Amino acid sequence: MREPRFDILFEPVRIGPVRTRNRFFQVPHCNGMGHVHPTAHAVMRGVKAEGGWAVVCTEEVEIHHSTDVAPYIEGRIWDDADVPMHARLVEMVHEHGALAGIELVHSGMVAPNLYVRRPPLGPANLPVSGTHPVQARAMDAGDIADLRRWHRQAVARSLSAGYDLVYVYAAHGLSTVQHFLSRRYNDRDDAYGGSLENRARLLREILEDTLDEVDGRAAVACRICVDELIGDNGVGRSEIEQVLSLVGELPDLWDFMVGEWDFDSITSRFADEGAQEQYVRGLKQLTSKPVVGVGRFTSPDTMVRMVQDGVLDLVGAARPSIADPFLPRKIEEGRWEDIRECIGCNICVTGDPLMTPIRCTQNPSMGEEWRRGWHPEQMRPRTADATVLVVGAGPAGLEAAMSLGRRGYDVVLAEATDVLGGRVSREARLPGLAAWIRVVDYRAGQLAKLPNVEVARGSRLDAAEVLGYDFDHVAIATGSRWRADGVGRWHTHPLALDGVELLTPDHLLTRTRPAGGRVVIYDDDHYYMGGVLAELLASEGREVTIVTPEPRVSEWTVNTMEQHRIQRKLLELGVTVIASHALASAEGGAVRAACAFTGRERELACDALVLVTARLPEDGLAAGLRDHPSVSVIGDAWSPGTIAAAVWDGRRYAEELGEPPTDDDEPPFHREVVALAPREAQRPASPAALS
Ligand code: ADP
Ligand code: SF4
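Residues numbered from 1 in each chain as written. Chains lettered and ligands numbered in written order. Predicted model: local features only at pLDDT ≥ 70, side-chain atom pairs only at ≥ 80, totals over all residues. Heavy atoms only, no water.

Asks: Is there a simple way to explain the site of ligand 1 in this structure?
Replies: Residues in contact with ligand 1 amount to 22 residues; listed here are only the nearest, Ala396, Glu415, Arg423, Leu461 and Asp636. One nitrogen or oxygen atom from the main chain of leucine 461 is found 2.9 Å from a nitrogen atom belonging to ligand 1. Separating an oxygen atom of ligand 1 from a side-chain N or O atom of aspartate 636 is a distance of 2.5 Å. Its residues assigned to classes, the shell around ligand 1 shows nine nonpolar, nine polar and four charged. (Near = heavy atom within 4 Å. Polar contact = N/O pair within 3.5 Å; in protein donor to acceptor, adjacent residues only side chain to side chain. Nonpolar A, V, L, I, M, F, W, Y, C, P; charged D, E, K, R; others polar.)

Asks: Would you mind showing me how to read the sheet that holds strand 17 (residues 453-456) here?
Replies: Read from one edge of the open sheet, five strands run 17-16-15-18-29, paired in parallel fashion. Each edge of the sheet is formed by a strand with only one pairing partner; in this case those strands are strand 17 and strand 29 (631-633). Ignoring strand direction, the axes of neighbouring strands in this sheet form an average angle of 15 degrees. Note: strand 16 (residues 410-414) against strand 17, four bridges, orientation parallel. Bridge assignment links leucine 413 to a residue of strand 17, and that residue is valine 455. Relative to strand 16, helix 13 (residues 395-407) is tilted by about 165 degrees, and along the sheet it contacts strand 15 (387-391), strand 16 and strand 17. (Pairing = 2+ DSSP bridges. Helix = DSSP H or I, 4+ residues; strand = E, 2+ residues; numbered from the N terminus. Axes fitted to C-alpha atoms, helices over the stretch in contact; angles between N-to-C directions. Contact = heavy atoms within 4.5 Å.)

Asks: For this particular structure, what's the right way to read the packing of helix 2 (residues 83-95) against helix 3 (residues 141-161)?
Replies: How two helices pack is summed up by the angle between their axes together with the distance between the axes. Packing of helix 2 against helix 3 brings their axes to within 8 Å, and their N-to-C directions diverge by 50 degrees. Taken together, the axis directions place helix 2 and helix 3 in an arrangement best described as oblique. Here the hand of the crossing between helix 2 and helix 3 comes out right-handed. Together, Val83, His86, Ala87 and Val90 of helix 2 and Arg157, Ser160 and Ala161 of helix 3 make up the contact between the two elements. (Parallel < 35°, antiparallel > 145°, perpendicular 65-115°, else oblique. Left-handed = near helix turned anticlockwise from the far one by under 90°.)

Asks: Looking at this model, I keep getting lost on the environment of tryptophan 370. Mind explaining?
Replies: Tracing the sequence through the fold places tryptophan 370 in the loop between helix 12 (327-332) and strand 15. According to the relative accessible area criterion, tryptophan 370 is partly exposed, its value standing at 24%. Along the backbone, tryptophan 370 and glutamine 276 are 94 residues apart, and their C-alpha atoms lie at a distance of 33 Å. Contact partners of tryptophan 370, with chain neighbours within four places excluded, come to Thr39, Ala40, Val43, His670, Arg671 and Glu672. (Buried < 20%, exposed > 50% of the residue type's maximum accessible area, 1.4 Å probe, protein only.)

Asks: What's the story with the sheet that holds strand 24 (residues 581-587) in this structure? I'm lost.
Replies: Within the open sheet, the three strands sit side by side as 24-25-26. Their pairing is antiparallel. Since the sheet does not close on itself, it has two edges, and those belong to strand 24 and strand 26 (601-605), each with one partner. Neighbouring strand axes in the sheet, compared pairwise and without regard to direction, differ in orientation by 30 degrees on average.

Asks: Help me understand the packing of helix 18 (residues 528-539) against helix 19 (residues 563-572) in this model?
Replies: Following both chains from N to C, one finds helix 18 and helix 19 inclined at 25 degrees, their axes separated by 10 Å at the closest point. Taken together, the axes of helix 18 and helix 19 lie roughly parallel to each other. Regarding helix 18 and helix 19, the two cross each other, and that crossing is left-handed. Each of Gly531, Ala534 and Glu535 in helix 18 lies in contact with helix 19, whose residues at this interface are Ile566, Lys569 and Leu570. Grouping the amino acids of the contact of helix 18 with helix 19 by side-chain chemistry returns three nonpolar, one polar and two charged.

Asks: Sorry if this is basic, but what is going on with the pattern of salt bridges here?
Replies: Pairs may arise between side chains of opposite charge once their charged atoms sit close together. For the structure shown, the criterion picks out 59 salt bridges. Across the salt bridge formed by lysine 284 and aspartate 313, the nearest N and O atoms sit 3.1 Å from each other. Separated by 29 residues along the polypeptide, lysine 284 in the loop between helix 9 (277-280) and strand 13 (291-293) and aspartate 313 in the loop between helix 10 (300-308) and strand 14 (314-317) bring together distant segments of the chain. Residues joined in a network through salt bridges with shared partners are Arg329, Glu333, Arg335, Glu337, Asp338 and Lys449. (Salt bridge = Lys/Arg side-chain N within 4 Å of Asp/Glu carboxyl O.)

So this is what it looks like as structure tokens:
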């Protein structure tokens, strides 16, 4: 039974013509599936509805072929051909009693239109965002009339697909409507430029068009950026208050967000739960309409406070709904300690820039709901009795043991140390990464509830012991170690490294520190580790230089939307950044780094060199178990990767155990193959047509 203090979260909210079943609202979020993997997308959204969310939305959906954010994979509703995939999504969401929402977008200054090959449209003649050699064309009165008509048509198609809620989108810096609203892009001197009233004209017109088109058959939401965080050049508090005085009563729901996506979905390394509150607080009082907003909310108490304090009416979530699609149901059933809390790592976000289906560190079933038939809460019962030994309680071993336990197997999880969590228990001690311990906490909590799983701490096993125990199956999840020889991406053979103290992340993670004060970190890994170790050592007072062959530190974190924050932090801490340089050698109290372009070397005097390069699997135990009939190596011990990959592999092992083995010649998952057009649809340029 749920606790009475959470009752308020289960009150219905009226949004224009519709009523929610509770206050849990999955706001629109990208997923790398969109119009390319529509069935996978529809089923994923359906699972959120099953988990109790009252409203489940799409990602941004392009309204017309004049706006194309390719190669990013978002939704499309360009014409009637796109409607069936939306109807499927709506069907999945309705099947579980939730309302379905669609976020319509015209991407203006951020759509390079690489696929459709026509000039993007925006308020001004300006280059589109990014580095594409593409400029948007300033819209004239005819273009504005076209845009309004296209938006209306997309609304009509959304209704025919069955959506209950239609978004007018003016947020994240991603929509034409916002580009008109903001002085950042709007330099017009017509009725759509200059005063705020003029800049808000397009927003008003599109809201009115949308309300007129839906005609009470669906609710109209408006997602708006309440502070662009760019000072006087953009919309800030005073302007958003004026916007609300102009159009505050038009939509049925306001969805308030702050900054661009990198602030809206800021990582836990740089902000805590509810970071947006200070910007949103007080705005709800300027409209009679309900308000939704986000804040990586995973604590039901924080959610209650948001509602009771009059900040929000609906608890918005993207990442918490990804990490735990069943979050509302768990609170409702009084099982809030079972919530799989988002760790704020933004691995989910990477699906968008990397144009691949969404994945999640905490929820390995995310993106696999249809493809592999994985469910966030349920697992197929085992088909036969068997005992399983899982060796190593890092993320892979923990997930495997928990998932095997859920399938009903008798499991022993043996961990060499007294601490569960492997690399996560150590990495969560690094600056800003404390929330990552939730990967361990959730699984440790669940394991404690599984009587068929025994956890043996302080149990370092060797091959003879494993063979002696006579388990039917053994999963080796013994992790990996960082290399100490310079081998990584740049150098694929060991370097001669002498004359300075050599350390790897493993040393620093186990609290070893360099003896001297001057440290060079060589980062040829490019994810978070090099940057976070630089932060650690600099904040402890060491003189730190970070050398990387990439042009920026922690280059891969552009995909988690943190790179700019990491580099700023290091520069503010006084770390010297030497980019586009590779480690060449170390001797006599110095390392030499070579320019990635010219090869020209420079010498860096230092006491210690920290190598953040590549890892080697700790798979020695498996070698001694060749005589065992069923041994699998999983997680980092099989192939070092992300924590998300280790968790996923633990789940995969548990899913596949006892199932008919596949020969790997066929894909072990469903996929959607693009339908081939009939021959008649081909239009070759015929000689007659050319003459
Ligand atoms: P992964 O990311 O693949 O889960 P980790 O490196 O995080 O890997 O975790 C591996 C875990 O395995 C660590 O907690 C480590 O202490 C444990 N371990 C390593 N070797 C053994 C062993 N021989 N017996 C039991 N536990 C082991
Ligand atoms: Fe949260 Fe990380 Fe999962 Fe994204 S990938 S939902 S940030 S745990």
